[in-house]
Amino acid sequence: MPHATGSLARRAGRLLRTSLFVQVLLALLLGVLVGRLWPQAGTSLQPLGDGFVRLIKAVIAPLVFCVVVAGITKAGDLKSFGRIGVKALIWFEVATSIALVVGLLAGNVFSPGAGMHVDPASLDKGAVEATTHGGKLPSAGQFILEALPNSAVGAFAENSLLQVLVLACLVGAALLHLGQQRVPQLLPLIEQVQDVVFTIVGYLMKLAPLAVFGATAHLVGQYGLGAMSTYGKLIAVCYGVALAFLVLLGLALKAVTGLSLWKFVRYSREELLLALGTGSSETVMPRMMQKLRAAGCRDDAVGLVLPTGYSFNLDGASIYLSIGTLFIAQAIGVHLSLGQQITVVLVLMLTSKGMAGVPGSAFLALSATASALGVIPASAVALLLGVDRIMDSMRVATNLLGNCVAVFAVSRWEGALDRVTAKQVLAGEVPAGPHQQAAAAAPADEEEADGARVAPGEK
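Residues numbered from 1 in each chain as written. Predicted model: local features only at pLDDT ≥ 70, side-chain atom pairs only at ≥ 80, totals over all residues. Heavy atoms only, no water.

1. Regarding the packing of aromatic side chains
To describe a pair of aromatic rings, one takes the distance between the centres and the angle between the planes.
Next up, step 1: For the coordinates displayed, the defined rule picks out three aromatic pairs.
Next up, step 2: When the ring of phenylalanine 264 is compared with that of tyrosine 267, the centres are 6.1 Å apart and the planes differ by 55°; the resulting orientation is tilted. Taken together, the residues phenylalanine 264 and tyrosine 267, both in helix H14 (residues 261–267) and three residues apart, mark about one turn of the helix.
Next up, step 3: Centroid distance phenylalanine 264 to phenylalanine 408: 5.5 Å. Interplanar angle 85°. Geometry classified as edge-to-face. Remark: phenylalanine 408 occurs in helix H21 (residues 392–414) and phenylalanine 264 occurs in helix H14; sequence separation between them is 144 residues.
Next up, step 4: Taken together, the aromatic side chains of Phe264, Tyr267 and Phe408 make up a single cluster linked through ring pairs. (Phe/Tyr/Trp six-rings, centres within 6.5 Å; stacked < 30°, edge-to-face > 60°. Helix = DSSP H or I, 4+ residues; strand = E, 2+ residues; numbered from the N terminus.)

Here it is as structure tokens:
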């Protein structure tokens, strides 16, 4: 019996040392505990999460640049890269529109704001302005203009992914035009830089549990659990709709590629849990790029579709915005006609494209929608201030999985997906890459070492 207990303890210790998923899950639970029992201490831990996000963001731009340039040159066809971009935009627009419509249907059916009878005059409009820092969403023309870099260094310094993508496309096209004979050293150099950046990401991921602990403790400490009762119906509707939308995405993925979304969730569970814990899908973009490439998606498809999706394919945010608009209208007693709800969809289809990277973007989009309708006071948007942060988990998970499904679907559409490899990797039949091979080998080696340390009489 003591031997069995000791063996179980060793296995648990080994799992804690080698499994990022277990480490992050434990950090998440500890963060909730600290934030609940010691709110002030939990709130002070925010720099742990913010610091990790800053470190990850520092490597995203060079990584995207290297992956896209290498992908274009390896594919050897700039037209193919252009087709991938067009097909990705088509997929994004369809997925976002479906998310908006599904959200509106659920808002009408479940009416999460009905019966609240809120007087808009009692709400503080200044609270929304403080959250958005007086900013505004870019117009369509401004959004396109800001996607074009006016400085190569500035694109990287400002971490503007769309500008980095444009630069990468230009460099990749130039390398294709010049050919390997005229610039034989550039592509190997870019691939080596890419390897260095992925190695740095590996180092940073060791800090992930600490970041999740700090971010979760801050969230629970600052907002508490009171909002769960006040906004319980809205939270339940948003999360339920997100789950239903993910089921639709899974069916679409199965129909287009033959792959299982559930198996992909298991395959990327560490990244998903990290994104949920930090409230940011950007923290896992580098790791997701690695895993998608290892799962059979071609480099150029991964390098273009995934980063672009962070600006154009905000499925979770679309669900939240459509339900949130109806919630506000119902809470203040305003009935929206069918025509006005169609206006909501059209306005959000435009405003959701300019949300990425804008502080308080959800409230800016809601304010723009309220202004377009003309029947909802702008101050009523403040109703969602108390619940917005709780919705981050829903938005992050849905956005992230939506973008990954888009990578698989567009890759299959363009013939850039190795389905045999994808099925084997998602089923766990083969290791996903050198990093996964090393991780898989570690427990076995340690098991042998444990066995070697057991006295002969204990075996």
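2. Some points on a positive patch on the surface
Next up, step 1: Side chains of Lys254, Lys263, Arg266, Arg269, Arg412, Arg419 and Lys423 sit close together on the surface and give a patch of like positive charge.
Next up, step 2: Elements with a minimum of two residues in the positive patch: H14 and helix H22 (419–426).
Next up, step 3: For arginine 412, the location among the structural elements is in helix H21. (Patch = residues over 30% accessible without salt bridge, like charges linked within 9 Å, V, L, I, M, F, W, Y side chains within 5 Å. Areas by Shrake-Rupley, 256 points an atom, 1.4 Å probe, with all protein chains shown as cover. Salt bridge = Lys/Arg side-chain N within 4 Å of Asp/Glu carboxyl O. Lys, Arg positive; Asp, Glu negative; His and termini not counted. Charge placed at Lys NZ, Arg CZ, Asp CG, Glu CD.)

3. Quick look at unusual backbone geometry
Most peptide bonds take the trans configuration, and most residues that are not glycine carry a negative phi.
Next up, step 1: At serine 111, a residue that is not glycine, the phi angle is positive and equals roughly 45°.
Next up, step 2: Note on placement: serine 111 falls in the loop between helix H5 (78–110) and helix H6 (125–132).
Next up, step 3: For asparagine 159, which is not glycine, the phi torsion reads 55° and is therefore positive.
Next up, step 4: Position of asparagine 159 relative to the elements: it lies in the loop between helix H8 (152–157) and helix H9 (161–182).
Next up, step 5: Of the residues examined, asparagine 159 reaches a relative accessible area of 23% and is grouped as partly exposed. (Buried < 20%, exposed > 50% of the residue type's maximum accessible area, 1.4 Å probe, protein only.)

4. Concerning the state of the cysteines
Next up, step 1: Per the counting criterion, the structure on display carries zero disulfides.
Next up, step 2: Cysteine 297 provides the cysteine sulfur closest to cysteine 404, a residue in no disulfide bond, and the two sulfurs are 9.0 Å apart.
Next up, step 3: Assessed through its relative accessible area of 0%, cysteine 404 is described here as buried. (Disulfide = S-S within 2.5 Å.)

5. A closer look at a nonpolar patch on the surface
Next up, step 1: A cluster of nonpolar side chains, Val86, Ile90, Val94, Ile98, Leu243, Val247, Leu248, Leu251 and Trp413, forms an exposed patch at the surface whose accessible area comes to about 840 Å².
Next up, step 2: Contributing elements (two or more residues each) for the nonpolar patch: H5 and helix H13 (232–257).
Next up, step 3: Overall, the relative accessible area of 55% leaves leucine 251 in the exposed class.

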